[in-house]
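If you want the building blocks of each chain, they are given just below.
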Amino acid sequence: MTERAIGGQGASVRLDKVSFSYGETSLAFDVAFAAARITAIMGPSGSGKSTLLNLIAGFETPLSGRVLIGGADVGAEPPAARPVSMVFQENNLFAHLCVEQNVGLGRSPSLRLSEADRAAIADALARTGLAGKEKRLPRELSGGERQRVALARVLVLDRPVLLLDEPFASLGPALRDDMLDLVAGLHAERGMTVLFVTHQPEDARRIGQNVVFVDNGTVAAMGTADEFFAGTGPEAFRRYIGVSALSRDIARKRT
């Protein structure tokens, strides 16, 4: 596996014998994510999925071990300096800024924007279906539109790794599918490495290429999505999603 995707913009990500703890809970991650792939990160609540993303992004600091992105140790780099963008459950939009300004923060925290910046912002808004809504405030948008603004900000950042921490969990099924398809389309276009936390097996099946299953603060299993959802995947994963859910998924795949 190359560190940088050939013909794409993704970078490999590795947590090399990383340990972390909060309170009495200890976590240990030793896992590699392939460049330019979409990996679904699944597991029970409290198993460490969000912490794993936060360690990559730099919002948490390991007790030991290394965080490597594109083969480079980024452990000493603050979040803003890492080649990573992240979208959370809460879209982190500024209520007093319009859509265009919220996206513009991805290019300049002071919003001192060049013509090239403004062109990139307009392009990102068009690609995420927000053209014509540049001057609206977040309160004037739907939940799905607010998440589209967060994704547009990711586009103007143009970083090789995208982390998604259940950003569509509060959306209805149809809208969630639309947002997942948008992520898949952006991935196809940009070739970034996408790691997304989800509790929904159907989300992982829809756009996931690989699956990492986190349980009790460690990576319990990993493999391709096809392997995980074939009915012969890791036992811990099958217990987690339930036999009935897996059977439905297999039946849908066969039809």
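Just so it is clear, the structure is predicted and the values come from calculations on it, not from any experiment.

## Focus on the pairing of strand E3 (residues 38–42)
Burial of E3 is extensive: five of the five residues sit out of reach of the surface. In E3, alternate side chains face the same way, and those of Ile38, Ala40 and Met42 on one face and Thr39 and Ile41 on the other are all buried. As judged from the four bridges shared by E3 and strand E8 (residues 193–197), these two strands associate in the parallel manner. Each residue of the ladder has a partner; that of Ala40, found in E8, is Phe196. Relative to strand E9 (residues 210–215), E3 runs parallel, the two being bridged by four bridges. Bridging from a neighbouring strand, Thr39 pairs with Asn210 of E9.

## Digging into the pattern of salt bridges
Tallying each qualifying case throughout the model produces 16 salt bridges. The partner of Arg206 in a salt bridge is Asp177, with the nearest N and O atoms 3.7 Å apart. Of this pair, Arg206 sits in helix H6 (residues 201–207) while Asp177 is found in helix H5 (residues 173–190), placing the two residues 29 residues apart along the sequence. Residue classification places Asp177 among the partly exposed positions, given a relative accessible area of 24%. Look at the salt bridges and you will find they share partners, linking Asp123, Arg127, Asp158, Glu189 and Arg190 into a network.

## Some words on the nonpolar core
Core analysis: the biggest nonpolar cluster contains 42 residues, and Met42, Leu151, Leu164 and Phe229 have the highest contact counts within it. Looking at this core, the element that brings in the most residues is helix H4 (residues 143–157), giving seven residues. By size, the runner-up hydrophobic cluster in this structure holds 27 residues, among which are Leu52, Val67, Val84 and Val161.

## Here we look at the packing of helix H3 (residues 115–127) against H4
Orientation of H3 relative to H4, taken along the N-to-C sense of each, is 135°, at an axis distance of 9 Å. Classed by the angle they form, the pair H3 and H4 counts as oblique. Classified by chirality, the crossing of H4 by H3 is right-handed. Here Ala120, Ile121, Ala124, Leu125 and Arg127 of H3 come into contact with H4, specifically with Ala152, Leu155 and Val156. When grouped by side-chain class, the residues that make up the contact of H3 with H4 number seven nonpolar, no polar and one charged.

Scoring rules and cut-offs
- Residues numbered from 1 in each chain as written.
- Predicted model: local features only at pLDDT ≥ 70, side-chain atom pairs only at ≥ 80, totals over all residues.
- Heavy atoms only, no water.
- Buried < 20%, exposed > 50% of the residue type's maximum accessible area, 1.4 Å probe, protein only.
- Helix = DSSP H or I, 4+ residues; strand = E, 2+ residues; numbered from the N terminus.
- Pairing = 2+ DSSP bridges.
- Salt bridge = Lys/Arg side-chain N within 4 Å of Asp/Glu carboxyl O.
- Core = buried A, V, L, I, M, F, W, Y, C linked by side-chain atoms within 4.5 Å.
- Axes fitted to C-alpha atoms, helices over the stretch in contact; angles between N-to-C directions.
- Parallel < 35°, antiparallel > 145°, perpendicular 65-115°, else oblique.
- Left-handed = near helix turned anticlockwise from the far one by under 90°.
- Contact = heavy atoms within 4.5 Å.
- Nonpolar A, V, L, I, M, F, W, Y, C, P; charged D, E, K, R; others polar.

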